[in-house]
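The chain contents come next:
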Amino acid sequence: MKSTLSIKDFIKYLIVLSLLVLNVGCKSISGIDYNAIKVSDIQATNSTKLLYHNIQSISRKGIAFGHQDATAYGIGWKHDENYEVLKSDIQKVVGALPVVHGYDIGHIELGRNHNLDTVSFDLMRNHIQKLYDKGAIITMSWHLDNPVTGGSSWDKTPAVPAVLEGGGQRDKYVLWIKRLAEFFNSLKDKQGNVIPIVFRPFHEMNGSWFWWGGDNVSPEDYKQLWKETKQLLEENNVHSLLYAYSPNTVSSEEEFEKYYPGDEFVDILGVDIYNHSGNEAFTKDVKWNLEIVKQKALLANKPFALTETGNNNFGEDPLWWTQTLYPGIKDSGAAWMLLWRNARPSHYFATYPGEISEENFKEFAELEEIIFLDEVKELTTN
Ligand code: BMA
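Computed from a prediction, not measured in an experiment: that's the story for all the values here.

### As for unusual backbone geometry
Backbone geometry follows two general trends: most residues other than glycine have a negative phi, and most peptide bonds adopt the trans configuration. Backbone geometry at histidine 107 places phi at a positive 95 degrees, although glycine is not the residue there. The class of histidine 107 is buried, set by a relative accessible area of 14%. With a phi angle near 55 degrees, asparagine 301 is a residue other than glycine that sits in the positive phi range. Mapping asparagine 301 onto the fold places it in the loop between helix H9 (279-300) and strand S9 (304-310). The class of asparagine 301 is exposed, set by a relative accessible area of 56%.

This is the structure in structure tokens:
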């Protein structure tokens, strides 16, 4: 038996040694120093911190294109039981998938199999795994029911005090969060690690159309709801979330701040803007709302995004993408824009084959600044 090291063993030894040195320096093989990445959940997983890092990298290079329910359905089609193929209206038009995929988990709290828009949670889980593997960013909103009345998110009966600690519906809310947590923790990548998600709960709180917003809640109760929700999720072992705060179009910095729970409870800043008041006002709003968000994001060293948008005047304006949306987002520094869902011909927000702005969308997609999924792996750390 020889006692000296073979060349092969020596090389192995060198590799192990260099990996150890990298670890001692707290850096991963990819060179990321996870300890230096601070997110609002101090127990956040490394995948979550990597997502945060990648979002920041993307925002330095361009604006990622996002679409709600992109692979679940589109105009004239709905995903069936065969989960294997990823289709999307956007892919049909430009040949590439969006980078950011939005899903709504409304009704997960009720233990249902489908969300409020009939998307099955199994399909969601399956597609999220496939998309994440390709480098996609997953974001989730939550149109949860009114816990007091059992009505929808749009049931304005005040309900926030009832779910806060000590409130009459607290037990129900604790159960709802448990179900939400089970869903988040069931989203696993190929290696079995939990997939990180940008969670955007209680959005558009400055408007009065949801039970958690505007006239239906006090800013103090809203902030408390945010903090207690985050704490309950963490108590349920959810450490895969980046928390995104996104009011609807604001008319001042103060309005943006009004419900803000605090830098230590938020990771990503955002705003939702539609063209309800016409295209000219929209471009202006997008521009200066993103400027407001950017100033706050810069101070807090956080990324920001146009968390919801779309052309609300369905079927009008063939040049909407390059003439209305792009002048608003251009050079903004936003990490992404998320177009709302393509539900039906009278309720869609991105283009689709045969739609009036299809050709213009292709032009928009060609712009250097606009990023699709086939480009994202070059811009991020895997
Ligand atoms: C709204 C509309 C609704 C939908 C909800 C949640 O803005 O699109 O039809 O149920 O979002 O996705």
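Picking up after the structure, the text goes on.
### Observations concerning the confidence of the model for the protein
Close inspection of predicted coordinates is inappropriate in any region flagged by low pLDDT. Looking at the protein as a whole, the pLDDT averages 94, with 93% of positions reaching at least 70. A low-confidence stretch, residues 19-25 (pLDDT under 50), is modelled with 4 contacts involving residues beyond four sequence positions or located in other chains.

### A few points about the site of the ligand
Every residue near the ligand is listed here: Leu116, Asp117, His143, Trp154, Trp340, Arg341 and His347. A distance of 2.5 Å separates an oxygen atom of the ligand from a polar atom in the side chain of aspartate 117. Take histidine 347: an N or O atom from its side chain is 2.7 Å from an oxygen atom of the ligand. Within the complex, 78% of the 310 Å² of free accessible area of the ligand lies under protein. Class assignment of the residues belonging to the shell around the ligand gives a composition of 3 nonpolar, 2 polar and 2 charged.

### Looking at the environment of lysine 78
Of note, lysine 78 is situated in strand S3 (residues 77-78). Residue lysine 78 is classed as partly exposed on the basis of its relative accessible area, which comes to 46%. Sequence separation of lysine 78 and alanine 343 is 265 residues, and the distance between their C-alpha atoms is 9.5 Å. Residue contacts for lysine 78: discarding those within four places in its chain leaves Ala72, Tyr73 and Thr118.

### A word on the side chain of serine 357
Examined against the element boundaries, serine 357 turns out to sit in the loop between strand S10 (336-339) and helix H11 (358-366). Taking the relative accessible area as the measure of exposure, serine 357 reaches 4% and is therefore buried. Each residue touching serine 357, except ones within four places of it in the same chain, is listed here: Asp317, Pro318, Trp321 and Thr351.

### A closer look at the packing of aromatic side chains
Within the structure shown, the criterion is met by 31 aromatic pairs. Considering the side-chain rings of phenylalanine 65 and phenylalanine 361, the 5.3 Å spacing of their centres and the 75 degrees angle between planes classify their relative orientation as edge-to-face. Taken together, the positions of phenylalanine 65 in strand S1 (residues 63-68) and phenylalanine 361 in helix H11 put the pair 296 residues apart, joining distant regions of the chain. The pair formed by phenylalanine 65 and phenylalanine 361 is uniform in burial state, with each residue classed as buried. Plain terms: the ring middles of tryptophan 321 and phenylalanine 361 are 4.7 Å apart, the flat faces sit at 80 degrees to each other, and that makes the pair edge-to-face. You can see tryptophan 321 sitting in helix H10 (residues 320-329) and its partner phenylalanine 361 sitting in helix H11, a full 40 residues away along the chain.

### Notes on helix H7 (residues 219-235)
In a regular helix each residue adds 1.5 Å, so 17 residues correspond to 24 Å; H7 covers 24 Å between its end C-alpha atoms and thus fits that length. For H7, the complete set of buried residues consists of Pro219, Tyr222, Leu225, Trp226, Glu228, Thr229, Lys230, Leu232 and Leu233. The elements touched by buried residues of H7 are helix H5 (160-163), helix H6 (170-186), strand S6 (197-200) and strand S7 (241-245). Positioned one or two residues after H7, asparagine 237 has a phi angle of 65 degrees, which is positive.

### Notes on the packing of H9 against H10
Packing of H9 against H10 brings their axes to within 7 Å, and their N-to-C directions diverge by 25 degrees. Regarding the angle of H9 to H10, the classification is roughly parallel. Seen from H9, the contacting residues are Asn279, Phe282, Thr283, Val286, Lys287 and Leu290; seen from H10, they are Trp320, Thr324, Leu325, Pro327, Gly328 and Ile329. Taken together, the residues of the contact of H9 with H10 break down into 7 nonpolar, 4 polar and 1 charged.

About the cut-offs
Residues numbered from 1 in each chain as written. Predicted model: local features only at pLDDT ≥ 70, side-chain atom pairs only at ≥ 80, totals over all residues. Heavy atoms only, no water. Buried < 20%, exposed > 50% of the residue type's maximum accessible area, 1.4 Å probe, protein only. Helix = DSSP H or I, 4+ residues; strand = E, 2+ residues; numbered from the N terminus. pLDDT = per-residue confidence, 0-100. Contact = heavy atoms within 4.5 Å. Near = heavy atom within 4 Å. Polar contact = N/O pair within 3.5 Å; in protein donor to acceptor, adjacent residues only side chain to side chain. Areas by Shrake-Rupley, 256 points an atom, 1.4 Å probe, with all protein chains shown as cover. Nonpolar A, V, L, I, M, F, W, Y, C, P; charged D, E, K, R; others polar. Phe/Tyr/Trp six-rings, centres within 6.5 Å; stacked < 30°, edge-to-face > 60°. Expected span 1.5 Å × (residues − 1). Axes fitted to C-alpha atoms, helices over the stretch in contact; angles between N-to-C directions. Parallel < 35°, antiparallel > 145°, perpendicular 65-115°, else oblique.

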